[in-house]
Amino acid sequence: MLKVFNSHAISRNQRFTKAILWGVPTALIIGIVYGIISYILPFEFSIVYIGIGYLIGYVIKNKGRGVHLRFSILAAGLTILAILIGDVLSFFGPDAFGSLDNVIFAFSTTFMFWLSVNFGSLLGLLFRVAGVYFAYINSRIV
C-alpha cells in the first residue's frame, strides 16, 4: 500500500510547544549558571552573552524545527530572560530571589544598570544585544 503522507510528522503548534518545553528550561539553567559563575568571579564575561544567544537559538532550532517567525521571537525573548536572570544573580547573588521586594528591587536595579550611559555598560549592552540577535537568527530553519 502506498503512503501519501507521513503520519508521524508533528504539526506547527506541536513543534512550537516542543520548542517552548525545551527552550524555557534551557534559558533558566543558562541564566542561573552564568549568574552564579559571574557572582563568584566578580568580572563581566561579555562574550558569553553571544554564546548564550547562540545556544538558546540552537536548542530552539533543533528541538522545534520551525520555519516561522515565532520561533525567532521565542528565542530572542528567552535569551533576554536568561541574560536578565544571569545579571540579577551576578549583581545581587542568590539572595535576590529571597522575597518579592528583593526580586522587584533586583530587576529594577538591573534595568537601570542596562540603561546607564557610560562606555563600559554601553559595550556590555551591545554584547547583550548581539546575544539576542544571534538567538534570533539561529533559531529557525531557513
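Note: the structure precedes this text.
So, a few notes on the structure that sits alongside this text.

Quick look at the side chain of Thr79
Within the secondary structure, Thr79 sits in helix H3 (residues 69–92). On the basis of relative accessibility, which here comes to 0%, the residue Thr79 falls in the buried class. There is a polar contact of 2.7 Å between the side chain of Thr79 and the backbone oxygen of Ala75. Ignoring anything within four residues of it in the chain, the contact list for Thr79 reads Ile52, Gly53, Ile56, Gly131, Val132 and Ala135.

With respect to the packing of helix H1 (residues 12–40) against H3
With their axes 7 Å apart at the nearest point, H1 and H3 run at an angle of 20° to one another. Comparing the axis directions of H1 and H3 gives the class roughly parallel. H1 and H3 meet at a crossing whose hand is right-handed. For the contact of H1 with H3, the per-class residue count stands at 18 nonpolar, seven polar and four charged.

Focus on the packing of aromatic side chains
Tallying each qualifying case throughout the model produces nine aromatic pairs. On the numbers, 6.4 Å between centres and 25° between planes, the contact of Tyr54 with Tyr58 is stacked. Remark: Tyr58 and Tyr54 occur in helix H2 (residues 48–64); sequence separation between them is four residues, near one turn of the helix. Taking relative accessible area as the criterion, Tyr54 reaches 44% and is therefore assigned partly exposed. Look at Tyr58 and you get partly exposed, because its relative accessible area is 41%. Look at Phe97 and Phe107: their rings are 6.1 Å apart centre to centre, the planes differ by 65°, and that puts the pair in the edge-to-face class. Of this pair, Phe97 sits in the loop between H3 and helix H4 (100–115) while Phe107 sits in helix H4, placing them 10 residues apart in sequence. What links up through ring pairs into an aromatic cluster is the set Phe91, Phe92, Phe105 and Phe113. Here the guanidinium or amino end of Lys63 rests over the ring plane of Trp22, the centre of that ring lying 4.3 Å away.

Here we look at H4
Taking 1.5 Å as the rise per residue, H4 with 16 residues should run 22 Å; its terminal C-alpha atoms sit 23 Å apart, in good agreement. Looking only at H4, the buried set comprises Ala106, Phe107, Thr110 and Trp114. Down the axis, H4 shows its buried residues gathered within 95° of arc, on one side only. With respect to the buried face of H4, the exposed residues turned more than 90 degrees away are Asp101, Phe105, Met112 and Leu115.

Considering H1
The end-to-end C-alpha separation of H1 is 42 Å, in line with the 42 Å expected for 29 residues at 1.5 Å each. Among the residues of H1, those classed as buried are Phe16, Ala19, Gly23, Thr26, Ala27, Ile30, Gly31, Tyr34, Gly35 and Ser38. The elements touched by buried residues of H1 are H2 and H3.

Focus on the nonpolar core
In terms of nonpolar packing, the biggest core is built from 22 residues, with Ile52, Ile56, Ile60, Leu74, Leu78 and Val88 touching the most fellow members. Contributing elements (two or more residues each) for this core: H1, H2, H3 and H4. Looking at which element gives the most residues to this core, the answer is H3, with eight residues. Contact partners of Ile56, with chain neighbours within four places excluded, come to Thr26, Ala27, Ile30, Ala75, Leu78, Thr79 and Ala82.

What counts and how
Residues numbered from 1 in each chain as written. Predicted model: local features only at pLDDT ≥ 70, side-chain atom pairs only at ≥ 80, totals over all residues. Heavy atoms only, no water. Helix = DSSP H or I, 4+ residues; strand = E, 2+ residues; numbered from the N terminus. Buried < 20%, exposed > 50% of the residue type's maximum accessible area, 1.4 Å probe, protein only. Polar contact = N/O pair within 3.5 Å; in protein donor to acceptor, adjacent residues only side chain to side chain. Contact = heavy atoms within 4.5 Å. Axes fitted to C-alpha atoms, helices over the stretch in contact; angles between N-to-C directions. Parallel < 35°, antiparallel > 145°, perpendicular 65-115°, else oblique. Left-handed = near helix turned anticlockwise from the far one by under 90°. Nonpolar A, V, L, I, M, F, W, Y, C, P; charged D, E, K, R; others polar. Phe/Tyr/Trp six-rings, centres within 6.5 Å; stacked < 30°, edge-to-face > 60°. Lys NZ or Arg CZ within 6 Å of the ring centre and 35° of its normal. Expected span 1.5 Å × (residues − 1). Arc of directions from axis to C-beta. Core = buried A, V, L, I, M, F, W, Y, C linked by side-chain atoms within 4.5 Å.

Nothing here speaks to function; it is all geometry.
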